[in-house]
Amino acid sequence: MRSRYFLLAVLANILYPCQSYTLRGSVSWAVSSNDVVEDADLSEEVSPALLVDSAGLWKQAYPSSKVLGDGVEGPGELGKSENNNVTPLSSHLFSYHMEKVKKSGSSTPLPHQETARTARYITHYSDWGHLATISTQDPIKGLPFGNIFSVSDGPVDNSTGIIYFYVTPMDNTVSDLKNNPYASLTFSEAEGDYCRQMAYDPEDPRCARLTLTGKMVEVVPEELEFAKLAMFSRHPVMTKWPVGHKWFFMKLELIQVWLQDWIGGVSLIPLEDYFKATPF
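Treat the numbers as computed from the prediction; the structure is a model and nothing was measured. (Residues numbered from 1 in each chain as written. Predicted model: local features only at pLDDT ≥ 70, side-chain atom pairs only at ≥ 80, totals over all residues. Heavy atoms only, no water.)

A.B. asks: Any chance you could break down the nonpolar core for me, citing the residues and the numbers?
C.D. replies: Membership of the largest hydrophobic core comes to 30 residues, with the highest contact counts inside it found for F165 and L212. Of all elements in the fold, only α4 (115-125), β3 (163-167), α5 (172-179), β4 (182-188), β5 (209-218) and β6 (248-260) reach the threshold of two or more residues within this core. The dominant element in this core, judged by the number of residues it contributes, is β6, at 6 residues. Filtering out sequence-adjacent residues up to four positions away, F165 remains in contact with L131, F149, S150, V151, L185, M216, M231, F248, F249, M250, K251 and L252. One finds Y164, V219, A230 and F249 within the second-largest nonpolar core, a separate group that totals 11 residues. (Core = buried A, V, L, I, M, F, W, Y, C linked by side-chain atoms within 4.5 Å. Buried < 20%, exposed > 50% of the residue type's maximum accessible area, 1.4 Å probe, protein only. Helix = DSSP H or I, 4+ residues; strand = E, 2+ residues; numbered from the N terminus. Contact = heavy atoms within 4.5 Å.)

In structure tokens, the structure reads:
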């Protein structure tokens with residue numbers, strides 16, 4: 001019994017001087033050493049080429065100093081303690097330039113009685129949503145399938161109410177849409193800070209949710225420049241995505257606007273009212 005306590009005491013003395021480290025402030029994840037190019041040039045001009053990989057979309061990274069800014073430690077610095085002992089951390093992280101993205105959210109939702117404006121508000125200030133399609137995958141063919149997509153209805157200062165997407169034919173959802181172009185896109189006000197500040201559960205009716213149903217179509221050439229502006233101004237990392245994946249623009253032609261933003265039922269908003277409203 002005494003020997004057990006003695007071992008615990010020795011272990012505690014060994015662990016006491018140790019420090020813990022937290023990777024902060026980067027939208028990143030590590031990849032294994034087998035997946036990266038050692039001693040590669042990770043300059044902004046070269047790194048996009050390293051993204052191309054047959055196994056997946058993301059393999060290499062921008063230098064963390066460019067992402068986090070000069071005043072924030074990069075991964076190589078986060079492993080340093082006060083006595084300059086270095087804890088090895090992976091420097092191979094996928095990150096994007098957060099400083100290039102204007103803040104798109106607003107902490108002050110519109111009055112819930114203004115349903116059309118609320119719908120436009122959620123549409124405009126949402127950076128991503130959940131798109132539901134009818135699957136063409138063999139195990140679940142004909143069943144609903146959901147996927148997350150980055151979206152935009154225009155630059156931060158120009159809301160159109162039309163949802164744009166930047167997609168690749170390699171995505172299962174795009175395969176679904178080729179077979180059946182109809183889909184539903186759902187947003188939740190829980191994406192922002194408001195519901196958390198109000199202690200509203202995401203399923204609370206006061207934490208608004210919006211579902212837009214319609215037909216997904218490829219953006220026509222006349223509309224292409226605005227689609228690029230809409231998506232790339234809100235998601236600038238997209239300009240660095242590998243061209244080998246044949247990215248293209250789509251949009252959702254609306255059929256129905258469904259909104260629940262308060263207790264006591266849902267609202268089906270006429271398309272005319274939706275497009276006349278403004279989120280600002």
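On we go.
A.B. asks: So what's going on with the state of the cysteines? Residues and values would help.
C.D. replies: What the rule picks out here adds up to 1 disulfide. Across the disulfide from C195 sits C207; the S-S distance is 2.1 Å. A torsion of 105° about the S-S bond marks the disulfide between C195 and C207 as right-handed. With C195 in helix α6 (residues 194-197) and C207 in the loop between α6 and β5, this residue pair connects regions lying 12 residues apart in the sequence. A single burial state applies to C195 and to C207, both of which are buried. (Disulfide = S-S within 2.5 Å.)

A.B. asks: Before we move on, can you summarise unusual backbone geometry with the specific residues and values?
C.D. replies: Look at A199: it is not a glycine, yet its phi comes out positive at around 60°. Assignment of secondary structure puts A199 in the loop between α6 and β5. Relative accessible area serves as the criterion here: at 68%, A199 is assigned to the exposed category. Its identity as a non-glycine residue notwithstanding, K246 has a phi of 55°, on the positive side. Summarising the element assignment, K246 is placed in the loop between α7 (224-234) and β6.

A.B. asks: Tell me about the pattern of salt bridges, and name the residues and values.
C.D. replies: Taken as a whole and judged by the stated rule, the model has 7 salt bridges. In this structure, E272 engages K276 in a salt bridge whose closest nitrogen and oxygen atoms are separated by 3.1 Å. Taken together, the residues E272 and K276, both in helix α8 (residues 271-276) and 4 residues apart, mark about one turn of the helix. Here E272 matches K276 in class, with each residue exposed. (Salt bridge = Lys/Arg side-chain N within 4 Å of Asp/Glu carboxyl O.)

A.B. asks: Outline the environment of T173, listing residues and values.
C.D. replies: Positionally, T173 belongs in helix α5. Counting along the chain gives 24 residues from T173 to F149, while the straight-line C-alpha distance between them is 9.9 Å. Apart from the residues lying within four places of it in its own chain, the contact partners of T173 are L131, T133, F145, N147 and F149.

A.B. asks: Give me the lowdown on the pairing of β5, citing residues and values where you can.
C.D. replies: For a regular strand, side-chain orientation follows a simple rule: the groups alternate between the two sheet faces. Burial runs high along β5: 7 of the 10 residues are buried. Of the pairings in the sheet, the one linking β5 to β6 comprises 10 bridges and is antiparallel in character. Counted as the bridge partner of T213 is Q256 from β6. (Pairing = 2+ DSSP bridges.)

A.B. asks: Describe the side chain of E189, and please don't skip the residues or the numbers.
C.D. replies: Positionally, E189 belongs in the loop between β4 and α6. For the buried E189, no salt bridge is present, and the opposite-charge side chain at shortest range is R209, 8.3 Å distant. Look past the residues within four positions of E189 in its chain and what remains in contact with it is P109, Y121, Y194, C195, R206, C207 and A208. (Lys, Arg positive; Asp, Glu negative; His and termini not counted.)

A.B. asks: Give a description of the confidence of the model for the protein that names residues and reports values.
C.D. replies: Taken over all residues, the pLDDT of the protein has a mean of 77, while the share at 70 or more is 62%. Confidence over residues 19-100 falls short of pLDDT 50; this stretch has 123 contacts with residues more than four positions distant or in other chains. (pLDDT = per-residue confidence, 0-100.)

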